[in-house]
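What follows is each chain in one-letter form.
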Amino acid sequence: MTQTEDKVQAAEDTPLVPIEKIVSLCKRRGFVYPNSEIYGGVSGIYDFGPLGVELRNNIRRYWWWSMVQTNDNVVGIEGNIITHPRVWEASGHVENFVDRLVDCKNCKRRFRLDHLPVENVEQNKCPECGGELTEPRLFNLMMETYIGVVEGERMKTYLRGEACQNIYLDYDNVLKSSRMQIPFGICQIGKAFRNEVTPGNFLFRQREFEQWDLQFFVHPSEMQKWFDYWKEFRFKWYEGIINHKDRLRFRAHAPDELAHYAKQAFDIEYRTVLGWQEWEGIHWRQDWDLSRHSEYSGHDLSYTDPETKERYIPWIVETSGGVDRTFLNLLLDAYEEEPPSGKDKEGRTVLRLHPWLAPVKVAVLPLQKNKEELVTTAKDIHNRLKRFMVAQYDDVANIGRRYRRQDEIGTPFCVTVDFQTLEDSTVTVRERDGMTQIRLPMNELPSYLLQRVTWNYV
Ligand code: GAP
């Protein structure tokens, strides 16, 4: 099936959320803003607002917890964006990290050759107007920069095109300083930069974005075992944080679409209005990286098994995903416009984000703003809760409007302080998805909420 057919089918099967709805919500409620907007913006670059940064932090922390903190054979690093330029020759990016572009001679639109439907490539025909396409031209995606200030002595290098390269550069240091033995993995979360020629679809394809990587180093004879292990692990990880589990699948790469470093690859794909699209790549990188860096640096990166004394270049299983694509997919997965119902006469927009990841965990609301005791009690509760989790205090507008405001940003719980609270120290806890309400003693609130909004609360 071509990408275009895929797109149409996706749209017909289930009501998928248009990206524009998410763009609008993100701007309106402070998740994402266009970068440098007052200067007209820069295509493919975005900033994150107060709620966006909370969501990103939660996504990152949860990944780190499940990949590094809870796996004894995995450690983390934080490498830098700028490295020695030879790194990118060794990695193959200077030579191979290219997009093939064609322009329509008639409507002047520009396309990535690998994004065109097969029939348009075969007939050399523009998918928009049917015009003739130019010969493909090659564009390298690496962003150049310079180290040093004196003209002539400055060294040209690159902003990293994939974050994982630092892991190979630090592999030997980690091995020697952390007493890890193969099989083991190194994780990192960090920015990557690509001069994408066709950035677009909001956060989906940007020029500056953030990746998370696991590079797992194994003996060649155990490659298949660990490849399968991490493939399943990562799939379940995504399944655990989305509502629409049927929109997640694996797709094997055909031989002609494999990246230059991969001998085998599977994408974990998620279905949105853009069709089935890559969310994370699981790559069989074999010995490509450590062999190339050994060759280009002259530093032997082979490993000697402490027991058998066998010497070999470790093979690598890579799981590489994007913080930004996770951010976008989670919003697309969680967004719902509910029509008016018995419980809610006006209808509402609700973000059904997993409570672990929701940017605000709880909102504390006095029933009325003009009753001092209600306000003071609500502020006390808020002050207590905000030490444990992101909590908001809100007393503006009627209670229904305030609930809806919180639903729209995905706050899983609202605590309402009413007149009964003043008598028996209980509060109403309203849950976002079912809009159910329970009464709870005030002093039980922290443990009740922590159990529900944190993944590691026992
Ligand atoms: N180290 C392997 C690697 O970089 P990739 O498939 O090019 O593989 C991994 O990228 C992940 O990074 C993708 O699955 C996607 O989530 C994210 N990603 C890649 N390019 C991106 C872009 N231009 N904008 C946003 N996210 C991107």
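Now for a look at the structure at hand. (Residues numbered from 1 in each chain as written. Predicted model: local features only at pLDDT ≥ 70, side-chain atom pairs only at ≥ 80, totals over all residues. Heavy atoms only, no water.)

Quick look at the sheet that holds strand E4 (residues 98-103) now. The strands making up a sheet associate through hydrogen bonds between their backbones, and the pairing can be parallel or antiparallel. Pairing is antiparallel across the open sheet formed by three strands, whose spatial order is E5-E4-E6. Edge positions in the sheet fall to strand E5 (110-112) and strand E6 (137-140), since each of these pairs with one other strand and no more. Recorded for the sheet is a direction-independent mean angle of 40° between the axes of neighbouring strands. Judged from the four bridges that link them, E4 and E6 form a sheet pairing that is antiparallel. Residue pairing for E6: Leu101 is matched across the bridge by Arg137. (Pairing = 2+ DSSP bridges. Helix = DSSP H or I, 4+ residues; strand = E, 2+ residues; numbered from the N terminus. Axes fitted to C-alpha atoms, helices over the stretch in contact; angles between N-to-C directions.)

So, on to the pattern of salt bridges. Summed over all chains, the structure comprises 37 salt bridges. Across the pair Arg56 and Asp324 runs a salt bridge whose closest N-O atoms are separated by 2.9 Å. In this pair, Arg56 sits in helix H3 (residues 50-69) while Asp324 sits in helix H10 (residues 323-334), placing the two residues 268 residues apart along the sequence. Classification of Arg56 as buried rests on a relative accessible area of 3%. For Asp324, a relative accessible area of 3% corresponds to the buried category. Overlapping salt bridges, with partners in common, bring together Glu336, Glu338, Arg348, Arg352, Asp407, Arg430, Arg432 and Asp433 in one network. (Salt bridge = Lys/Arg side-chain N within 4 Å of Asp/Glu carboxyl O. Buried < 20%, exposed > 50% of the residue type's maximum accessible area, 1.4 Å probe, protein only.)

So, on to the sheet that holds strand E3 (residues 74-76). Strand order in the open sheet formed by seven strands is E3-E9-E10-E16-E13-E12-E11, with mixed pairing between adjacent strands. Strands with a single pairing partner mark the edges of an open sheet, and in this sheet they are E3 and strand E11 (248-252). Neighbour-to-neighbour, the strand axes of the sheet open up by a mean angle of 25°, direction not taken into account. Contacting E3, strand E9 (184-193), strand E10 (208-218) and strand E16 (315-322), H3 crosses the sheet at an angle of about 160° to E9. Along the sheet, helix H8 (residues 223-239) makes contact with E3, E10, E11, strand E12 (264-272), strand E13 (275-286) and E16, crossing E13 at roughly 155°. (Contact = heavy atoms within 4.5 Å.)

Quick look at the packing of H3 against H10 now. At their nearest, the axes of H3 and H10 sit 10 Å apart, and the two run at 110° to each other. Classed by the angle they form, the pair H3 and H10 counts as roughly perpendicular. For the pair H3 and H10, the crossing hand works out as right-handed. For the pair H3 and H10, the contacting residues are Gly52, Leu55, Arg56, Ile59 and Arg60 in the first and Val323, Asp324, Thr326, Phe327, Leu330 and Leu331 in the second. When grouped by side-chain class, the residues that make up the contact of H3 with H10 number six nonpolar, two polar and three charged. (Parallel < 35°, antiparallel > 145°, perpendicular 65-115°, else oblique. Left-handed = near helix turned anticlockwise from the far one by under 90°. Nonpolar A, V, L, I, M, F, W, Y, C, P; charged D, E, K, R; others polar.)

A separate point is the site of the ligand. Around the ligand, 23 residues are found, and the nearest of them are Glu162, Arg194, Gln206, Glu278 and Glu318. For the ligand, a nitrogen atom lies 2.6 Å from a polar atom in the side chain of Glu162. Separating a nitrogen atom of the ligand from a backbone N or O atom of Gln206 is a distance of 2.8 Å. Taking 550 Å² as the accessible area of the ligand by itself, protein coverage stands at 94%. Of all the secondary-structure elements, those providing two or more residues to the shell around the ligand are E10, E13 and E16. Counting residues per element, the shell around the ligand draws most heavily on E13, which supplies six residues. (Near = heavy atom within 4 Å. Polar contact = N/O pair within 3.5 Å; in protein donor to acceptor, adjacent residues only side chain to side chain. Areas by Shrake-Rupley, 256 points an atom, 1.4 Å probe, with all protein chains shown as cover.)

Nonpolar side chains collect at one region of the surface, where Ile82, Ile147 and Met155 lie side by side and expose about 220 Å² of accessible area between them. By secondary structure assignment, the location of Met155 is in strand E8 (residues 155-159). (Patch = residues over 30% accessible without salt bridge, like charges linked within 9 Å, V, L, I, M, F, W, Y side chains within 5 Å.)

That's the geometry; what it means functionally is another story.
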